[in-house]
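# Chain and residue survey
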Amino acid sequence: MKNIEFFRYLPGAAKAKSASGLKKLVNTLLKEHRVYGTVKRDGFPVYAEIADASELELFSTPTHLSAKQFLFPPRETLLRYDIRRHLHEAVIESERQAIIGLHPCDIHAIALMDEVWAYGRPDANYLSRREKTLIVGADCMPDEYCFCKSLGTMNVNDGFDIFLHKIKKGFLVRTASDKGEEIIAGLKLREAKPYEVKELEERERLREASFKARLDALPKDLPEVFASSNESTVWERIGSICTGCGSCNTVCPTCYCFDIKDEVKASLSEGERVRVWDGCTLEDFAKVAGGHDFRKTRAERLRHRFNRKFRYLTDRFGMPFCVGCGRCSRACLVKINITEVTNELIRESNKRRP
Amino acid sequence: MSLSVNQTKEGLESPYLPFPGVIERVTRVTEKERLFSIAPLNPSLLEYGPGQFYMVGLPGYGEAPISITSGPGETKEFELCIRAVGNVTNALHRLKRGDFVWLRGPFGTSFPVDEMRSKDVVFIAGGIGVVPMRSLIKTVLKDRQGFGRLTLIYGAKSPEEMLFSEEFDGWRGKGLEVLLTIDKPDTKWTGNVGVVTTLIPKVEVAEGRTIAVVIGPPVMYKFVILSLRDKLIRPEDVFVSLERRMKCGVGKCGHCQINGCYVCQEGPVFRLSDLKDLPEAL
């Protein structure tokens, strides 16, 4: 049953303290899933495995890494081989998992990843993991980097199983899948009271008014902005300060480039072919064995990354591949800011227009 | 005996599972290149077109994209001419007859042979670019009367680095004009000296019925394409094959991208006119 406008009330705070509704929910999920959720480590909100409900803490701003790590892990085995037996075995590993605490931007990002990995030759590793994943969303409040409002990813009506909206005393809960509904129905929650729904509406209005960062163009106009910005001096300027560290790729919830490499076991006859995250801003990304580098400069590599977010993949899939989470700007060591760069290109593009 | 196992419960197929081929022959071509004849245990791997490539792997070393150099449908084997330049290709050079290699593919687009029928075709190859060109030349020569004038312009650094030179007389005998050029001649070289573009003016071009195919190192394309424009060959009638780094072969890993285009899917063979909106291509 899908009833996105139907709210139920889950009592308790954003930390799963004893007897809180959140604790009940996590304990239910723990019965049949490996559970990952948001926690604070070294002062940063991050995702981690939740063995006990009390570890979970919901945050209003994005985690450092996104939840893509549980669907497209930083390292995963694709094959096992054994040279003595001339054997290659495909490895497709997945288990039932629940991820708790995804904000709307990250739920949109997963919807984009679903498109990518199913496109053309389907990627069984991602898709089997996705199939067994339950998503529990949580709402948020923008910081100075968030700009999902400019990309139409501020709200979600599907792509999750359960969604938790924080109100003063507890949560209002929505479900968008049979699985999610089944779990919530099991908690026997009461329907939300009209004043609670009103409180949520007020909070949503506050959220919408709280954005500081924004893009000065509509999502549909962004491909054209980037198509006409190939020769812009912006690329040289940000390329000259970029350190090529790849942080923007790593933290991005829609970056999915990867490397494939072999890891040999101590026996030397056995080993694994593994897939690891790669990044198009890293130095050797487009370099071939003969030594020719098809994207030699940091400026070219940054231009490629921005174009992938706002043009190349949009042309292919019909949606911007940036969800406005702001993680790349937060993580950048030299403060290259995705909204500032894009707005500068938008201004240049507007000037070029007759 | 099953050597490639898809062990998933749901019957999902991994696009990363390679299939075995047995090396039937290894021939030294030059100091850097060897020619491998490979018989795949799974015969469906032999269904390839000229211009396509395999991901060729060795456990412990990884995979590399390698162009097919034999003509399709010739035998129960196919040929790869491999230059030892990287980790995987150097390891492949140590293999002998009877050893296994692991294959995924064939991947990518083929040269549109049907479109070349009854036309004149100029094949322009530089260096190792002659490797995929040989697959196309063999395809075309198998049905020689189906095509007009055929010319190969092939340039190498030095006479020793010229690949397949022992096959040129056979190709000439079948009706392919072979024009050769060398960057650094030795004392015995009596032919043309200079880059491949020095030979293009010598080719007679029938306007509107000539197709050009260009494969070579990145630096070559720009100059060759300018010469072809002088010859009034339209960009619609020019085909190129482009090299890029590749990891997955299935349009996901991102390494082979030229702007928004995946070379492993939409290439490596491109019509020149289709590259006009891809500034990263040439």
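Along each chain, the written sequence defines residue order, and numbers are assigned to residues from 1. Lettering for chains starts from A, numbering for ligands starts from 1, and both go in the order in which the items are written. In keeping with the predicted nature of the model, local features appear solely for residues at pLDDT of at least 70, side-chain atom pairs appear and are counted solely at 80 or more, and the whole-chain, interface and lining totals rest on all residues. Just so you know, side-chain values use all the structure's heavy atoms and leave hydrogens and water out.

Right, let's talk about the overall build of chain A for a bit. Helix and strand definitions follow DSSP, with helices as H or I runs of at least four residues and strands as E runs of at least two, each counted in order from the N terminus. Helix and strand counts for chain A come out as 11 helices and 11 strands. For 354 residues, the compact-globule estimate of 2.2 N^0.38 gives 20 Å, and the C-alpha radius of gyration of chain A, at 22 Å, lies within 12% of that figure. Its C-alpha atoms give chain A principal-axis dimensions of about 70 × 65 × 40 Å. Of the contacts made within chain A by residues no fewer than 6 positions apart, 73% connect residues no fewer than 24 positions apart. Residue exposure ignores everything except the shown protein chains as possible cover, and the areas themselves are Shrake-Rupley values with a 1.4 Å probe. For chain A, the exposed surface amounts to about 15,300 Å²; the carbon and sulfur share of it is 52%. What the globule rule says is 2.2 Å times the number of residues to the power 0.38, and the radius of gyration is computed from C-alpha atoms. Whether two residues are in contact is decided by their heavy atoms, any of which lying within 4.5 Å being enough.

Residue and element names in this part refer to chain A. Throughout, a disulfide means two cysteine sulfur atoms within 2.5 Å of one another. Inspection of every chain in the model, using the stated rule, returns zero disulfides over all chains. Here C140 stays unpaired: no disulfide links it, and the sulfur of C148, its closest cysteine neighbor, is 6.0 Å away. Exposure categories follow from relative accessible area, calculated using a 1.4 Å probe and restricted to protein chains: below 20% of the type maximum is buried, above 50% is exposed, and the middle band is partly exposed. The exposure class of C140 is buried, given its relative accessible area of 10%. C248 takes part in no disulfide bond, and the closest cysteine sulfur, belonging to C245, lies 6.4 Å away.

Next up on the list: the side chain of E63(B). Within the secondary structure layout, E63(B) lies in strand β5 (residues 62–67). Here a polar contact means two N or O atoms within 3.5 Å. Within protein one must be a hydrogen donor candidate and the other an acceptor candidate, and residues neighboring in sequence count only if both atoms are side-chain atoms. For E63(B), the side chain forms a polar contact with the side chain of R104(B), separated by 2.8 Å. Setting aside chain neighbours within four positions, we find E63(B) in contact with R273(A), M55(B), V56(B), G57(B), V88(B), R104(B) and K247(B).

Let us now look at the domain arrangement of chain A. Residues and elements named next belong to chain A. Split into domains, chain A comes out as domain 1 (8–209) and domain 2 (219–352). Using only C-alpha atoms to locate each centre, domain 1 and domain 2 end up separated by 25 Å. Across the contact, 41 residues belong to domain 1 and 43 residues belong to domain 2. Counting the surface lost from both domain 1 and domain 2, the interface buries some 3,800 Å², and carbon and sulfur atoms represent 62% of this. A pairing counts as a salt bridge when a side-chain nitrogen of Lys or Arg comes within 4 Å of a carboxyl oxygen of Asp or Glu. Counting the contacts that link domain 1 with domain 2 gives eight salt bridges. Residues D143 and R330 are paired through a salt bridge, measuring 2.8 Å at the closest nitrogen-oxygen approach. At the junction of domain 1 with domain 2, the criterion picks out 25 residue pairs in polar contact (both at pLDDT 80 or more). Elements with a contribution of two residues or more to the side of domain 1 that touches domain 2: β4 (75–82), α2 (104–118) and α3 (124–131). For the side of domain 1 that touches domain 2, the leading source of residues is α2, giving nine residues. Bear in mind that the domain bounds are from an automatic or database domain assignment. Summed over both partners, buried area is the accessible surface (1.4 Å probe) that two parts give up on being assembled.

Residue and element names in this part refer to chain B. Pairing between two strands requires that DSSP report at least two bridges joining them. The sheet built from six strands is open, its strands ordered β5-β4-β7-β2-β3-β6 with antiparallel pairing. The open sheet has two free edges, formed respectively by β5 and β6 (78–83), since each of these has just one partner strand. Between one strand axis and the next, the sheet turns by 40° as a mean value, whatever way the strands run. As paired elements, strand β2 (residues 19–28) and strand β7 (residues 100–107) share four bridges and run antiparallel to each other. Bridge pairing links F19 to L103 in β7. Every angle, taken between N-to-C directions, lies between 0 and 180 degrees, and every axis is a line fitted to C-alpha atoms, over only the stretch in contact when it is a helix.

Let us look at the nonpolar core. We call a set of buried residues a nonpolar core when its members are Ala, Val, Leu, Ile, Met, Phe, Trp, Tyr or Cys and they connect through side-chain atoms within 4.5 Å of each other. With 104 residues, the main nonpolar core has F123(B), Y154(B) and V213(B) as its most contacted residues. The element best represented in this core is α2(A), accounting for eight residues. The residues contacting F123(B), other than those within four sequence positions of it, are M133(B), L136(B), I137(B), V140(B), L150(B), T151(B), L152(B), I153(B), L176(B) and V213(B). Grouped together as the second largest cluster of nonpolar side chains are 26 residues, L25(A), I50(A), A138(A) and L164(A) included.

This part takes up the pattern of salt bridges. All names here are of chain A. Taken as a whole, this structure holds 43 salt bridges over all chains when the rule is applied. One salt bridge connects R84 with E270, and the closest N-O pair in it is separated by 3.9 Å. Here the residue R84 occupies a position in the loop between β4 and β5 (87–90), and E270 occupies one in strand β11 (residues 270–277), the gap between them amounting to 186 residues. R84 sits in the exposed class, given a relative accessible area of 60%. Through salt bridges with shared partners, a single ionic network connects R75, R80, E93, E263 and E272.

A few words now on the pairing of β11(A). All names here are of chain A. Burial runs high along β11: seven of the eight residues are buried. Relative to β11, strand β10 (residues 258–264) runs antiparallel, the two sharing seven bridges. Bridge pairing links D259 to V276 in β11. Linking two consecutive strands that pair antiparallel, namely β10 and β11, is a turn of five residues; a positive phi of about 70° is found at L268 within it.

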